[in-house]
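# A structural walkthrough
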Amino acid sequence: MLISCKTMPEKIVSKARLNSVQLTAFLMYMNPKLDKEKVMKISSIYIEESQAESINSDIAFAQMCLETGFLTFGGLVKSDMNNFCGLGATDVHNIGVSFENEQLGIRAHIQHLKAYASKKPLKNECIDPRYKYVNPKGKAPSIKNLAGKWASDPEYSNKIQSILHRMYLFSF
């Protein structure tokens, strides 16, 4: 199945196309130093949490790859924080939110992404401490809407779309 730019998903609330094996293979290709079992666990959690909130896990996973540098964590957020989307990380005085484990960190990422993408309430208990600050809810229903809202980088949306495109090219 060839994915063209015309068939690339744009809406954050949409169906994903990749499974955890495909997500894992892509991330291992981009960062072969990672522990494959840990990547498989993270990939599976992304799919599970995204499905619970009707978020496209392919988009969320691509965003995680961008935010963490393919799990190299070279910025303010460190790997032991289990913060996969830079939640609350703005500068050296605000290095981001820490979560007890991968599941909670990924859930917070998905919940925060849902706050941007949809006006619908969360299905799981809210553990995203910054969810309440996203107003109005649903202000960024598409990837292209994230630039200037989720991140100040005007190329932010293009960067996510580029990673997503590479994920599909790699997988299909």
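Refer to the structure presented above.
Residues numbered from 1 in each chain as written. Predicted model: local features only at pLDDT ≥ 70, side-chain atom pairs only at ≥ 80, totals over all residues. Heavy atoms only, no water.

### So, the layout of surface pockets
- Taken as a whole, the largest pocket encloses approximately 580 Å³ of empty space.
- Lining the largest pocket are 26 residues; nearest its centre among them are Glu67, Cys85, Gly86, Ala89 and Trp150.
- Listed by contribution, the elements that provide at least two residues to the lining of the largest pocket are helix 3 (57-68), strand 1 (89-91), helix 4 (102-117) and helix 5 (156-171).
- Broken down by element, the lining of the largest pocket gets its largest block of residues, three residues, from helix 3. (1 Å grid on protein atoms, 1.4 Å probe; cavity = no way out; pocket = protein on both sides within 12 Å on 5 of 7 lines; lining within 4 Å. Points joined across faces, edges and corners; volume = space filled by probe spheres on them. Helix = DSSP H or I, 4+ residues; strand = E, 2+ residues; numbered from the N terminus.)

### Observations concerning helix 2 (residues 36-53)
- The first and last C-alpha atoms of helix 2 sit 26 Å apart over 18 residues, in line with the 26 Å expected at 1.5 Å per residue.
- Turning to helix 2, its buried residues are Val39, Ile42, Ser43, Ile45, Tyr46, Ile47, Glu49, Ser50 and Glu53.
- For helix 2, the secondary structure elements touched by its buried residues are helix 1 (20-30), helix 3 and helix 4.
- The backbone nitrogen of Glu37 lies 2.9 Å from a side-chain oxygen of the residue at the head of helix 2, namely Asp35.
- Positive backbone phi, approximately 60 degrees, marks Ser54, located one or two places after helix 2. (Expected span 1.5 Å × (residues − 1). Buried < 20%, exposed > 50% of the residue type's maximum accessible area, 1.4 Å probe, protein only. Contact = heavy atoms within 4.5 Å. Polar contact = N/O pair within 3.5 Å; in protein donor to acceptor, adjacent residues only side chain to side chain.)

### As for the packing of aromatic side chains
- Taken as a whole, this structure holds eight aromatic pairs when the rule is applied.
- Grouped by ring-pair contacts, the aromatic residues Phe26, Tyr29, Phe70 and Phe170 constitute a single cluster.
- The side chain of Arg17 reaches across the aromatic face of Tyr168, ending 5.7 Å from its centre.
- Over the ring of Tyr131 we find Lys137, and its NZ or CZ is 4.5 Å from the ring centre. (Phe/Tyr/Trp six-rings, centres within 6.5 Å; stacked < 30°, edge-to-face > 60°. Lys NZ or Arg CZ within 6 Å of the ring centre and 35° of its normal.)

### What to know about the environment of Met81
- In this fold, Met81 is placed in the loop between helix 3 and strand 1.
- For Met81, a relative accessible area of 5% gives the class buried.
- For the pair formed by Met81 and Gly96, sequence separation is 15 residues and the distance between their alpha carbons is 8.3 Å.

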